[in-house]
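One-letter residues, chain by chain:
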Amino acid sequence: MALILPIAALAQTPPSPQLFEPYEGQPGKDVVWVPTPSALVEKMLDLAGVTPKDFVVDLGSGDGRLVIAAAKRGARALGVEYEPDMVALARRNAAAAGVADKARFVQGDMFEADFSQATVLALFLLPANLRKLAPKFLELAPGTRIVNNAYRIEGWQETDIAYADGYCVVWCTAYLYLVPARVAGAWRLPTGEARLTQDFQALSGTFVFPGGRYVSVDGEVKGDHVRFTAGLDVYTGRVRGNEMSGEARGGYSGYWKATRLR
């Protein structure tokens, strides 16, 4: 038997709510929403070497695809997204993918977010966004990996580049960066004092020998790995807080250790 409702009752029946569906180019607070192509998502995570040991953060996480892909690899992952509807969508997508226990999404401003514990940042941000976030990037632990879709971080030197396999028309390139250790300042070495200045990964300065003679210093920092030349000497090693050590070759050859003076 069919149930026949009065016309008045039918008129009062509320319509089924429609689920939010974003569209490409949808405006947001700091960026428009353009999803990372599926062909590049896995490539970005490969480039960053994401494993179950990682904590992956996406700033401006949109529909959550990078966070969810990282969670599928066993990593803990967090997405920070300003638009509440996007946050809700990402949570539904994570649940549908079976990774809601590892993929977490919060509503918030990416410029105010605390991502200090991240081991990987997987991003699709514009140069202006990256420029504004760069000071916070430098506060991350040395060696933290930052992979960004399509755009370089101004003033930084990428460690590696990857391209999407298969069908990909736009937004098909990813750039990998390693957060450099902070080595600016004066260091006491066995043969003198290195006075270093640092511009992101690039090093420069002077090496002062006992007696006052000095030579120029030129080098770079990749994560916690350091390499610099001082005259004919080449120093390579690792940075650990206020100490660094390694091997040297040239006029001075062998093991070296330096202590930060200031």
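Above this text you will find the structure in question.
Residues numbered from 1 in each chain as written. Predicted model: local features only at pLDDT ≥ 70, side-chain atom pairs only at ≥ 80, totals over all residues. Heavy atoms only, no water.

Draft legend 1. Local environment of unusual backbone geometry. The phi dihedral of A150 is positive, around 80°, even though this residue is not glycine. Relative to the elements of secondary structure, A150 occurs in the loop between strand 7 (145–149) and strand 8 (160–163). Of note, the phi angle at F200 is positive, near 55°, even though the residue is not glycine. For F200, a relative accessible area of 23% puts it in the partly exposed group. (Helix = DSSP H or I, 4+ residues; strand = E, 2+ residues; numbered from the N terminus. Buried < 20%, exposed > 50% of the residue type's maximum accessible area, 1.4 Å probe, protein only.)

Draft legend 2. Fine view of the sheet that holds strand 11 (residues 192–199). The strand order 10-11-12-13-14-15-16-17 describes a closed barrel built from eight strands, whose pairing is antiparallel. Ignoring which end each strand starts from, the neighbouring axes of this sheet average 30° apart. Both strand 12 (residues 202–208) and strand 13 (residues 214–222) contribute to a ladder of seven bridges, which runs antiparallel. Across the sheet, the residue bridging to T206 is S216, located in strand 13. (Pairing = 2+ DSSP bridges. Axes fitted to C-alpha atoms, helices over the stretch in contact; angles between N-to-C directions.)

Draft legend 3. Layout of the state of the cysteines. Tallied over the full model, the rule gives one disulfide. The residue that forms a disulfide with C168 is C172, at a sulfur-sulfur distance of 2.1 Å. Across the disulfide from C168 to C172, rotation about the S-S bond amounts to roughly -100°, and the bridge is consequently left-handed. Comparing C168 with C172 shows no difference in burial state: the two are buried. (Disulfide = S-S within 2.5 Å.)

Draft legend 4. Summary view of helix 5 (residues 127–137). Those residues of helix 5 that fall on the buried side of the exposure criterion are N129, L130, L133, A134 and F137. Looking straight down helix 5, one finds that the buried residues subtend no more than 150° of arc, so they occupy a single side. Packing partners of the buried residues in helix 5 comprise strand 3 (55–59), strand 6 (120–123) and strand 7. (Arc of directions from axis to C-beta. Contact = heavy atoms within 4.5 Å.)

Draft legend 5. A look at the pairing of strand 3. By the criterion of burial, strand 3 is predominantly enclosed, with five of the five residues buried. Burial of strand 3 is two-sided: the residues F55, V57 and L59 facing one way and the residues V56 and D58 facing the other way are all buried. Alignment of strand 3 against strand 4 (residues 76–81), held across five bridges, turns out to be parallel. Following the sheet pairing, L59 is matched in strand 4 by V80.

Draft legend 6. Examining the packing of aromatic side chains more closely. If you walk through the whole model with that rule in mind, you get 12 aromatic pairs. Ring centres 6.4 Å apart and planes at 85° place the aromatic pair F137 and W156 in the edge-to-face group. Of the two residues, F137 is situated in helix 5 and W156 in the loop between strand 7 and strand 8; the sequence distance between them amounts to 19 residues. For the pair F137 and W156, a shared accessibility class is recorded, and that class is buried. Plain terms: the ring middles of W156 and F200 are 5.4 Å apart, the flat faces sit at 45° to each other, and that makes the pair tilted. Of this pair, W156 sits in the loop between strand 7 and strand 8 while F200 sits in the loop between strand 11 and strand 12; the two residues are 44 residues apart in sequence, bridging distant segments of the chain. When the ring centre of Y82 is taken as reference, the NZ or CZ atom of K29 above it lies at 5.6 Å. (Phe/Tyr/Trp six-rings, centres within 6.5 Å; stacked < 30°, edge-to-face > 60°. Lys NZ or Arg CZ within 6 Å of the ring centre and 35° of its normal.)

Draft legend 7. Summary view of the side chain of D63. Topologically, D63 is positioned in the loop between strand 3 and helix 3 (65–72). Of note is the side chain of D63, whose polar atom sits 2.7 Å from the side chain of R65. Each residue touching D63, except ones within four places of it in the same chain, is listed here: W33, I68, M86, L89, A90 and N93. (Polar contact = N/O pair within 3.5 Å; in protein donor to acceptor, adjacent residues only side chain to side chain.)

Draft legend 8. View of the pattern of salt bridges. Taken as a whole and judged by the stated rule, the model has 12 salt bridges. Between R145 and D54 there is a salt bridge whose closest N-O contact spans 2.5 Å. Within this pair, whereas R145 is found in strand 7, its partner D54 is found in the loop between helix 2 (38–48) and strand 3, the two being separated by 91 residues in sequence. Of the charged contacts in the structure, one is a salt bridge between E193 and R188, with a shortest N-O distance of 3.6 Å. (Salt bridge = Lys/Arg side-chain N within 4 Å of Asp/Glu carboxyl O.)

Draft legend 9. Representation of the layout of surface pockets in the model. When its volume is computed, the largest pocket comes out at roughly 470 Å³. Residue assignment for the lining of the largest pocket shows that the elements contributing at least two residues are strand 1 (26–27), strand 2 (32–33), helix 3 and strand 4. Here the residues of the lining of the largest pocket sort into 17 nonpolar, seven polar and eight charged. (1 Å grid on protein atoms, 1.4 Å probe; cavity = no way out; pocket = protein on both sides within 12 Å on 5 of 7 lines; lining within 4 Å. Points joined across faces, edges and corners; volume = space filled by probe spheres on them. Nonpolar A, V, L, I, M, F, W, Y, C, P; charged D, E, K, R; others polar.)

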